[in-house]
Each structure stands twice: as structure tokens, then as C-alpha cells.
Amino acid sequence: MSTKPFFVSSPGKVILFGEHSAVYSKPAIAAALDLRAYLLVKPSEDPNIIRLDFPDIGLSHSWNKNDIPWTKIKEYVQAKEGKPQISEELIPEIIDLLSDNLSDLSSSLHYVTCHCFLYLYSILCTADVPGMLYSVRSTLPIGAGLGSSAAIAVCLASAMSILGGHVAKASVDYDAKSTSKNHEDEEFIDKWSLMGEKCFHGNPSGIDNAVATHGGAVMFQRMKNPAAPSVRTNMRNFPPISLLLTNTKIPRSTAALVAGVSALNTKYSKTSASILDAMEHLANEAYQVMVKPFFGPEETRTLRELTEINHGLLVALGVSHPSLEKIKIIGDSHRIGATKLTGAGGGGCAITLLNEDVSKAELDNSLEEFEANGFETYRTSLGGKGVGALYYENVQEDKREEVFSEIAFTKFKDREEIIQALGVQNVSGWKFW
Ligand SMILES: Nc1ncnc2c1ncn2[C@@H]1O[C@H](COP(=O)(O)OP(=O)(O)OP(=O)(O)O)[C@@H](O)[C@H]1O
Ligand SMILES: C[C@@](O)(CCO)CC(=O)[O-]
Ligand SMILES: [Mg+2]
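All residue numbers refer to positions counted from 1 along the written sequence of the respective chain. A letter from A marks each chain and a number from 1 marks each ligand, given out in the order of writing. A pLDDT threshold of at least 70 governs which residues receive local features in this predicted model, and a stricter bar of 80 or more applies before side-chain atom pairs are shown or counted, although totals over entire chains, interfaces and linings include all residues. Calculation of side-chain values draws on the structure's entire complement of heavy atoms; hydrogens and water are dropped beforehand.

Which entries qualify depends on this criterion: UniProt positions are given in the numbering used here, feature names are shortened, and annotations may be inferred rather than shown by experiment.
As recorded in an unreviewed UniProt entry, the chain goes by Mevalonate kinase and comes from Hyphopichia burtonii NRRL Y-1933. The Subcellular location (unreviewed entry) comment attached to the chain in UniProt states, word for word, "Cytoplasm". Taken verbatim from the UniProt record of the chain, the Sequence similarities (unreviewed entry) comment is "Belongs to the GHMP kinase family. Mevalonate kinase subfamily."

Below you can see the structure in the form of C-alpha cells.
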């Protein structure tokens, strides 16, 4: 177990096809974003104190680790060779046992985040792990459809797997070929981060945390039998798609949107089953196109057409928002490409698969209109690295104090400062599983 400070980091994601239908065991396609969450873990001055400092959401909280009902919690966790075994659902008895530790949190945002932290902490760590500071910063917009919750869940699950001694040290360099990956440890982190996602929103498909753990691009399908593992097919030759992300900045909750679709399914079961079936066919067609060895103008046109259809189907499920429709109208009227909402919808982000021949003038006009409406745009590359760690000993000796400074970390002004100081591409020493 490491008592030296370390960072873990994991990426957000873009769902290209199949959000919401993914929850109903339909295939979906998603890829890792170059925006990431970072978690600093650092020994506390008082080894009995577990301290959370999550400035992005104004959360600062601490517990005395002796107040966690360790012995009772462990009675509900099955372990094999010292490794806690995953349950299908969150264990209600553990939720109940932790409720006293959460009773002084009045904001629901803080409650949910602390619940996720303590659930993973009390299962993956033991009373012997000294109290630490846990501080999170993210370059992902929160609640905007880009998997910010999954990135946090993966950071927490990986840090606690390190502290609990359940995974080997991450040791693969940034540029190394993926064949040397430690698949077993990545799977462990993936599984436990799904439990973290369940704390954030009751019924996640698992696609967001899978991408945040493994990175790259995947076709993902949750199985109908909840006990069966999800199927994840890596898409190695992910085509070079030119993508524009536009954030409406309208806040929304994934949990509420997923619950809304569930209500629709109950009320109009046959109609909504047809919509979900259409989404299934659409994701399969997109997959066939995306894995073609040759990806030319015909293939990009097909993906744009499927993008338009996918958005229409999501509108039919009731998860769009006037601001998302506005993005679509602006993009369509300047003919920049095909636009759909991404993630849970209801606000948050839209993606536009840009036309290859879009002119600079057309694009600039759209960008101006997006800005005038208060939207934020971001050009992004897809398919980056999954979860990684930056250990104390992998940072040059004379830089350690600065890199692992809690004060510097919590005070970074914006996304650019975080990326500059810690980005997995900018700072040498990051290791991956
Ligand atoms: N930087 C952060 N610091 C602390 N908590 C965060 C941070 N980013 C995300 N979260 C947690 O994740 C929640 C947002 O998750 P939610 O699933 O609603 O949106 P999302 O993950 O951004 O979008 P989607 O699930 O559609 O991809 C926040 O309410 C908070 O609990
Ligand atoms: C809306 C949803 O399909 C994607 C959220 O990013 C929910 C999920 O799959 O967990
Ligand atoms: Mg989420």
C-alpha cells in the first residue's frame, strides 16, 4: 500500500450511438475523450482523518475513520483470495450502515458524491488504511453528458483498489502498445466503478465507466441477465471522425432522464420497444461501417445519416431540450454536419459530425451563433487513454513538491491550467494498467 501521494486520472466519453437504449441491453458505441478527471490522494496530517476536497462542486468534508462501521460492513462483502467480490446491485445493508456517516450532508449533490466515496472506500479499503486527503479536479463539464460521473467513479475505484492492495501498480507507459495491458486489474476497476456509477444514478448501463476505465473506443452491450458480464468489443481502427462538441450549459441529471425513459417504457411499452429496437439496428449498422478497413466519404456520409436518425429517436424518447434543438437548427442551417445530443440529454452536450467539405466561413458563422446563444464549443479528438496513475517516484525529484501540492491542485483556474500541469500527454511519468 502506498503512503506517498499519487494521482489517478480517467477520461470522459462521447456516446456516438445508443445512449438510453444501452440501458435496455441494446448495443452502443462510445469513445474516450481527451477531457479527464484527476484525483489527488495524499496522506493526512492526522492519520485518523479522511478528508474530501472536491472544489469543482464546493464539497469539503471529513470523517474520522474510526467512525466507519468496518466490521459490520465487511460481514456483507464476499471476498475471494482477499479480493472483494462484486455484487449485482448496491448492498442495501451497507447503504444503511453508512447512513449515519452521511447524515450531516444537506445538499443532495454532496450527499450523492460522498455516498459514492464511502461505499467504495468502506468495501475496497480496510480500517488499516491511514486517513488521506482525496481531492478531485475535472476538465469535464459536470452533468453535461460527457461522463463526468463515471470519470470520478473510475478515479475513486482505482485509488481505493491501489490503497486496498487489490491491483498491481500501473506500469505501462503512455506510448506503449496496448498488448501489454494488465487486463485483470482494469476489469477489477471497471466493475467497482460501475458500483460507483450506481451510487450516482440508479440504473447505469456501464458504458460510461467502461470507456473511462479502458479508454479507446468500444461497442458495448449490457446483457439482459444482470448476472452476466457486459460485452465490450474494442474498436481498434476507430475512424478519424471530425467532431465538434457543443455544450448548452443547461444542467440536468442523468438519473432523472434515465428514470423518465423508464416511465415512458412502462406507459407506452410497445411504442417505446420499437424505438429501442430501431436504436439497436442503427448502432449495429454504424458498427459495420466503422470497422470497415477503408473509411471514405461514403462511410462518413452514412455515419452522418445515422447520427440524424439517432437524434430523432432520442427526441421521441423525450430526452432532448429546446437548447439542444437550437444547436441542431444552427448547425443544420449552416450545413456544417450532422448533429445529435450525446449522453443522457435534457441539456448538456450535442455532437456534430462535421462535413468533410465544411468551409471555414460556414463553421465560423455557426461558432459565432453558438457563442451568441451562450453555448460553449470544443473541438476534440476521440479514443484516448483510459485510467492511469502518476506515482510520486515517477516524478522527477525536484518537481515532486510542486506536482503533488494540494494547494496548487485545488487552485488551478481552469481546464487549460489543469491540462498544462497534469495532462497525461504533458507530464511524463503517467502509467497505465
Ligand atoms: N469534478 C467533479 N467533482 C465532484 N463530483 C463530480 C465531478 N464531476 C462529476 N461529479 C459527480 O457526478 C455527478 C454528475 O453526473 P451525471 O451522471 O448526472 O452527469 P454526467 O456524468 O456529466 O453526464 P452523463 O452521465 O450523461 O454522461 C455530479 O452531480 C457529481 O456528483
Ligand atoms: C443515458 C445513458 O445511456 C448514458 C449516459 O451517459 C445512461 C447509461 O447508459 O448508463
Ligand atoms: Mg454520468
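### Side note on the overall build of the chain
Here is the rule we go by: A run of DSSP states H or I qualifies as a helix once it reaches four residues; a run of E qualifies as a strand once it reaches two. Both are numbered from the N-terminal end. Radius of gyration: over C-alpha atoms. The globule rule applied is 2.2 Å multiplied by the number of residues raised to the 0.38 power. Throughout, exposure labels follow a simple rule: accessible area from a 1.4 Å probe, protein chains only, divided by the maximum for the residue type, with under 20% read as buried, over 50% as exposed, and the rest as partly exposed. Computed with the Shrake-Rupley method and a 1.4 Å probe, the accessible areas treat only the protein chains shown as cover for residues. Only four residue types enter the tally: Lys and Arg on the positive side, Asp and Glu on the negative side, with His and both chain ends excluded. To locate a charge, take atom NZ for lysine, CZ for arginine, CG for aspartate or CD for glutamate.
Within the chain, the regular secondary structure consists of 14 helices and 16 strands. Taken over C-alpha atoms, the radius of gyration comes to 21 Å for the chain, in line with the 22 Å a tight globule of 433 residues would show. Projected onto its principal axes, the C-alpha positions of the chain cover 60 × 50 × 45 Å. When each of the 433 residues of the chain is scored for burial, the buried share is 55%. When the accessible area of the chain is evaluated, it comes to approximately 18700 Å², of which 51% is carbon and sulfur surface. Distance between charge centroids for the chain: 3 Å, based on 41 positive and 51 negative side chains.

### A closer look at the pattern of salt bridges
Rule in force here: Between Lys or Arg on one side and Asp or Glu on the other, a salt bridge is scored when a side-chain nitrogen of the former is within 4 Å of a carboxyl oxygen of the latter.
Enumeration over the complete set of coordinates arrives at 19 salt bridges. Residue Lys198 is joined to Glu89 by a salt bridge in which the shortest nitrogen-to-oxygen separation is 3.2 Å. Taken together, the residues span a long stretch of sequence, with Lys198 in helix H5 (residues 183-200) and Glu89 in the loop between strand E6 (83-84) and helix H2 (92-102) at a distance of 109 residues. Overall, the relative accessible area of 8% leaves Lys198 in the buried class. Each of Lys26, Asp277 and Glu280 takes part in one network of salt bridges that share partners.

### Focus: the site of ligand 1
Stated formally: Being near a molecule or strand, for a residue, means having at least one of its heavy atoms within 4 Å of it. The definition of a polar contact used here is a pair of N or O atoms within 3.5 Å, where within protein one atom must be able to donate a hydrogen and the other to accept one, and adjacent residues in sequence count solely through side-chain atom pairs. Throughout the structure description, domain borders are defined by an automatic or database domain assignment.
Surveying the vicinity of ligand 1 reveals 24 residues, the closest of which are Lys13, Gly147, Ser148, Arg252 and Thr254. One of the side-chain N or O atoms of Thr254 is found 2.8 Å from an oxygen atom in ligand 1. The separation between an oxygen atom of ligand 1 and a polar main-chain atom of Ala344 is 3.1 Å. Per element, the largest residue contribution to the shell around ligand 1 is three residues, and it comes from helix H4 (residues 148-163). Two domains share the shell around ligand 1, each providing at least three of its residues, namely domain 1 (6-236 + 385-432) and domain 2 (241-382).

### Focus on the site of ligand 2
What counts here: In the scheme used here, Gly and all other residues not listed as nonpolar or charged are polar, with Ala, Val, Leu, Ile, Met, Phe, Trp, Tyr, Cys and Pro taken as nonpolar and Asp, Glu, Lys and Arg as charged.
Close to ligand 2 lie Lys13, Ile15, Glu19, His20, Val23, His201, Pro204, Ser205, Ile207, Asp208, Gly343 and Ala344, which account for all nearby residues. Note that an oxygen atom of ligand 2 is positioned 2.5 Å from one of the side-chain N or O atoms of Ser205. Elements represented by at least two residues in the shell around ligand 2 include exactly strand E1 (6-17) and helix H6 (207-214). Of the residues in the shell around ligand 2, the class split is five nonpolar, four polar and three charged.

### Some remarks on the side chain of Thr213
Using the following cut-off: Should any heavy atoms of two residues lie within 4.5 Å, those residues are considered in contact.
Here Thr213 shows up in helix H6. Those residues in contact with Thr213 that sit more than four places away from it in its chain are Val154, Glu186, Ile189, Asp190, Ser193, Gly386 and Val387.

### Structural notes on the UniProt feature "domain: GHMP kinase C-terminal" (unreviewed entry) in the chain
Annotation from UniProt places "domain: GHMP kinase C-terminal" (unreviewed entry) at residues 301-357. The span residues 301-357 is 49% helical and 19% strand by assignment, and the distance between its end C-alpha atoms comes to 12 Å.

### Digging into the sheet that holds strand E12 (residues 337-341)
The line we're drawing: Being paired, for any two strands, means DSSP has found at least two bridges between them. Only the stretch in contact is used when a helix axis is fitted, and all axes are lines through C-alpha atoms; the angle between N-to-C directions ranges over 0 to 180 degrees.
Strand order in the open sheet made by the four strands is E12-E13-E11-E14, with antiparallel pairing throughout. What marks the edges here is a single partner per strand, and that holds for E12 and strand E14 (376-380). The mean inter-strand angle of the sheet, taken between neighbouring strand axes irrespective of direction, is 25 degrees. Where strand E11 (residues 243-247) lies against strand E13 (residues 349-354), five bridges are found, and the strand directions are antiparallel.

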